[in-house]
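A structural walkthrough
Okay, here's what each chain looks like letter by letter:
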Amino acid sequence: MEMLVVLFVISMLVVIFPLIQLGYEMQTIKQLLLQTQVSAVNEHREKMVKISSNSMLYDHKRYTFMDGMDCAPTTLYYYANGNVSQAKTIRCNCQGKQKSLVIELGSGAIYVR
């Protein structure tokens, strides 16, 4: 009986852990996007963000996503006033789990779903 409980706990961790990792990674990407937005306002100039399948180029820096994570490639711009160039939904997958970053037009508010 104890062995069944142990196997159940291990199987739950295997299922839940990738989702927790993906959520953490999406929060990190969100923070980097917000950092770029603030930088555009502070420097009074446009900033480009380019997301490829396994990394993100922002403010002349590169952030590489965790192993196994794959995002839909896209490019967006933050203007000097902090507004984003266009609304976007960026979908990322990791080990069969999916999360999305939703970027609203104008203010550039970002939500993780």
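Please refer to the structure higher up on the page.
Below or above, wherever it landed, is the structure these notes cover.

Quick notes on the rules
- Residues numbered from 1 in each chain as written.
- Predicted model: local features only at pLDDT ≥ 70, side-chain atom pairs only at ≥ 80, totals over all residues.
- Heavy atoms only, no water.
- Helix = DSSP H or I, 4+ residues; strand = E, 2+ residues; numbered from the N terminus.
- Buried < 20%, exposed > 50% of the residue type's maximum accessible area, 1.4 Å probe, protein only.
- Contact = heavy atoms within 4.5 Å.
- Areas by Shrake-Rupley, 256 points an atom, 1.4 Å probe, with all protein chains shown as cover.
- Pairing = 2+ DSSP bridges.
- Axes fitted to C-alpha atoms, helices over the stretch in contact; angles between N-to-C directions.
- Salt bridge = Lys/Arg side-chain N within 4 Å of Asp/Glu carboxyl O.
- Polar contact = N/O pair within 3.5 Å; in protein donor to acceptor, adjacent residues only side chain to side chain.
- Disulfide = S-S within 2.5 Å.

A tally of helices and strands in the chain yields one helix and eight strands. For the chain, buried positions account for 35% of its 113 residues. Partitioning the contacts of the chain with sequence separation of at least 6, the portion at a separation of at least 24 is 47%. Put simply, the chain shows about 6900 Å² of open surface, and 59% of that area lies on carbon and sulfur atoms.

This next bit is on the sheet that holds strand β5 (residues 74–78). Taken together, four strands build an open sheet; the order of strands is β3-β2-β1-β5 and the sheet is antiparallel. In the strand order of this sheet, the two ends are held by β3 (61–64) and β5, each with one partner. For this sheet, the mean angle separating the axes of adjacent strands, direction not counted, is 15°. As paired elements, strand β2 (residues 55–58) and β3 share four bridges and run antiparallel to each other. Counterpart to Leu 57 in the pairing with β3 is Arg 62.

Turning our attention to the pattern of salt bridges. As enumerated under the stated definition, the model contains three salt bridges in all. The residue Lys 47 makes a salt bridge to Glu 43 at a minimum N-O spacing of 2.9 Å.

Attention now goes to the side chain of Ser 55. Tracing the sequence through the fold places Ser 55 in strand β2. Residue class for Ser 55 comes out buried when judged on its relative accessible area of 5%. At 2.8 Å, the side chain of Ser 55 and the side chain of Arg 62 are in polar contact.

Ordered by their spatial adjacency, four strands build an open sheet running β4-β6-β7-β8, and the pairing between neighbours is antiparallel. Edge positions in the sheet fall to β4 (69–71) and β8 (110–112), since each of these pairs with one other strand and no more. Averaged over all neighbouring strand pairs, the angle between strand axes comes to 20°, with direction disregarded. Where strand β6 (residues 88–94) meets strand β7 (residues 97–103), seven bridges bridge the pair, whose relative direction is antiparallel. Bridging from a neighbouring strand, Cys 92 pairs with Lys 99 of β7.

Going residue by residue along β5, you find Thr 74, Leu 76 and Tyr 78 tucked away on one face and Thr 75 and Tyr 77 left uncovered on the opposite face. Where strand β1 (residues 47–51) lies against β5, five bridges are found, and the strand directions are antiparallel. Considered in β5, the bridge of Lys 50 is made with Thr 75.

The next thing to look at is the state of the cysteines. In the structure shown here, the tally under the stated rule is one disulfide. The disulfide that involves Cys 71 links it to Cys 92, with 2.0 Å between the sulfurs. When the S-S torsion is 105°, as for the bridge of Cys 71 with Cys 92, the disulfide is right-handed. One end of the pair, Cys 71, is in strand β4; the other, Cys 92, is in strand β6, with 21 residues separating them in the sequence. For the pair Cys 71 and Cys 92, a shared accessibility class is recorded, and that class is buried. There is no disulfide at Cys 94, and the cysteine sulfur nearest it, in Cys 71, is 9.5 Å away.

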